[in-house]
Amino acid sequence: MASTVIGAGITIEGEVTSDDDVVVQGTLRGKLVAKDAVTVESGGVVEADIAGGPVSVGGTVTGNIHSSDRVDLQNGAKVIGNVKATRITIADGAQFKGNVDMDV
Amino acid sequence: MAETTVIGRTAFVRGRVNGSGDLEIAGRLEGDVTCTGEVTVEAGGLVAANVNARRITVRGAVKGDLTADDAVVLEGGARVVGDLRAPRIAIAPGGLVRGHVQTGAAGAARPRAASSSARAATPARAAAAAPAPAKSAPKAAPSRPAVVAKKAPPRGATLAGTRPGPPPPVVPALKKGTKAVHKKR
């Protein structure tokens, strides 16, 4: 319940570290490390490497995504960067450029 | 339209936070906060940053200056080390403050931003005007001050009237055999 929400009008330039969920609706530049779920909502812009549990992307991510669980790219997502996860889904309409490493 | 940003209890943000909307800090924040809405530092929040906002409410610990356009409210468990500047300041019983507290002078945040950009314009212009006549490259000087002048028109108007200084004195080359005694200054 102590989730971190980065609201729509906010820009954070720096590191965000959390033990709980992080929801990004605004802009984040720097680094994002979460122990739990990370959600980048539509309209969210993350120019940072993301490390976390399950990652769900609906917005724009420019940076590598390193997940301990699954990564879901939704319709409207735009990801430029490498993704390392155990499971991944890329929905129809998502844009993605990078490597995928599923630790096979 | 802009929503509340919440920095959760277990979160740690280090860097600059800018934007519109409200901000609630229940975790740790280091850096700088500039926000046009309301900033609330919750009871477990630890903030090591200067905070500029429309309204600041503190229930936790803050190390940094708090500047608000509207009000700064320190509630019971607040601990602040830093200056407070706002038109209205409230410190509830139990709140701890160490720093300079200044009420009244409204808009401490915004004109400071405007005057600092004007002050930045002044040295930029002065520095640009000095080498300009010597290097005979006056094009560089007007381009930069012209851009900054738009932000602070009163300062820009006075500075635009500054003409470049007098040209450096020309020392005539001494030919051999001339009576250097007379020509020397």
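Heads up: the structure comes first, above all this text.
Please read these numbers as outputs of a predicted model, since none were measured by experiment.

Here we look at the overall build of chain A
In terms of regular secondary structure, chain A is built from zero helices and 15 strands. Per-residue burial over chain A gives 45% buried out of 104 residues. Within chain A, contacts between residues at least 6 apart in sequence are counted, and of these 0% link residues at least 24 apart. Carbon and sulfur atoms make up 46% of the accessible area of chain A, which totals about 4700 Å².

Here's the deal with the overall build of chain B
The helix and strand tally for chain B stands at five helices and 13 strands. Counting every position in chain B, which comprises 185 residues, the buried fraction comes to 32%. Partitioning the contacts of chain B with sequence separation of at least 6, the portion at a separation of at least 24 is 8%. Carbon and sulfur atoms make up 59% of the accessible area of chain B, which amounts to about 11000 Å² in all.

Description of the packing of aromatic side chains
For the structure on display, the rule yields zero aromatic pairs over all chains. For the cation-ring pair, Arg28 of chain B lies above Phe12 of chain B, with the distance from its terminal atom to the ring centre recorded as 4.1 Å.

Some thoughts on the environment of Lys35 of chain A
Residue and element names in this part refer to chain A. With respect to the helices and strands, Lys35 occurs in the loop between strand S4 (27–34) and strand S5 (38–40). For Lys35, a relative accessible area of 63% translates into the label exposed. With 18 residues separating them in the primary sequence, Lys35 and Gly53 have C-alpha atoms 5.8 Å apart. Residue contacts for Lys35: discarding those within four places in its chain leaves Ser18, Asp19, Asp20 and Gly53. Within the structure, the side chain of Lys35 is placed 2.8 Å from the side chain of Asp19, a separation counted as a polar contact.

Topic: the interface of chain A and chain B
Listed per partner, the contact involves 20 residues of chain A and 19 residues of chain B. Approximately 1500 Å² of surface area, both sides summed, lies buried where chain A meets chain B, with 47% of it carried by carbon and sulfur atoms. Linking chain A with chain B are one salt bridge, by the criterion used here. Here Arg14 of chain B and Glu15 of chain A are joined by a salt bridge, their closest N and O atoms 3.6 Å apart.

Quick look at the pattern of salt bridges
Throughout the structure, instances matching the rule amount to 12 salt bridges over all chains. A salt bridge links Glu47 of chain A to Arg29 of chain A, with the nearest nitrogen and oxygen atoms 3.2 Å apart. Placement of the pair is Glu47 of chain A in strand S6 (residues 45–52) and Arg29 of chain A in strand S4, with a sequence separation of 18 residues. In this structure Glu47 of chain A comes out as partly exposed when scored by relative accessible area, which is 37%. Here the salt bridges do not stand alone but share partners, grouping Glu15 of chain A together with Arg14, Arg28 and Glu30 of chain B into one network.

A word on the environment of Asp101 of chain A
All names here are of chain A. Here Asp101 lies in strand S15 (residues 100–101). It is 6.2 Å that separates the C-alpha atoms of Asp101 and Val83, two residues lying 18 residues apart in sequence. Non-local contacts of Asp101, meaning those with residues more than four positions away in its chain, are made with Val83, Lys84 and Ala85.

Reading guide: rules and limits
- Each chain carries its own residue numbering, running from 1 in the written order of its sequence.
- Lettering of chains starts at A and numbering of ligands starts at 1, both following the order in which they are written.
- Local features in this predicted model are restricted to residues of pLDDT 70 or higher, and side-chain atom pairs are both shown and tallied only at a pLDDT of 80 or more, whereas totals for entire chains, interfaces and linings draw on every residue.
- No hydrogens and no water enter the side-chain calculation; it runs on all heavy atoms of the structure.
- In DSSP terms, a helix is any run of H or I states spanning at least four residues, a strand is any run of E spanning at least two, and both are numbered starting from the N terminus.
- Burial classes follow relative accessibility: with a 1.4 Å probe on protein chains only, a residue under 20% of its type's maximum area counts as buried, one over 50% as exposed, and anything between as partly exposed.
- In this analysis, two residues are considered to be in contact whenever any of their non-hydrogen atoms come within 4.5 Å of each other.
- Working definition of accessibility: Shrake-Rupley area with a 1.4 Å probe, residue cover restricted to the visible protein chains.
- Pairing of aromatic rings covers Phe, Tyr and Trp, the last through its six-membered ring, and needs centres within 6.5 Å; plane angles under 30 degrees mean stacked, over 60 mean edge-to-face, and all others mean tilted.
- Note on geometry: a ring has a charge over it if NZ (lysine) or CZ (arginine) is within 6 Å of the ring centre and within 35 degrees of the ring normal.
- Here a polar contact is recorded for every N or O atom pair within 3.5 Å, except that within protein the pair must consist of a potential hydrogen donor and a potential acceptor, and residues adjacent in sequence are included only if both atoms are side-chain atoms.
- Accessible-area loss on putting two parts together, using a 1.4 Å probe and summing over both, is the definition of buried area adopted here.
- Only one rule defines a salt bridge in this text: a Lys or Arg side-chain nitrogen within 4 Å of an Asp or Glu carboxyl oxygen.

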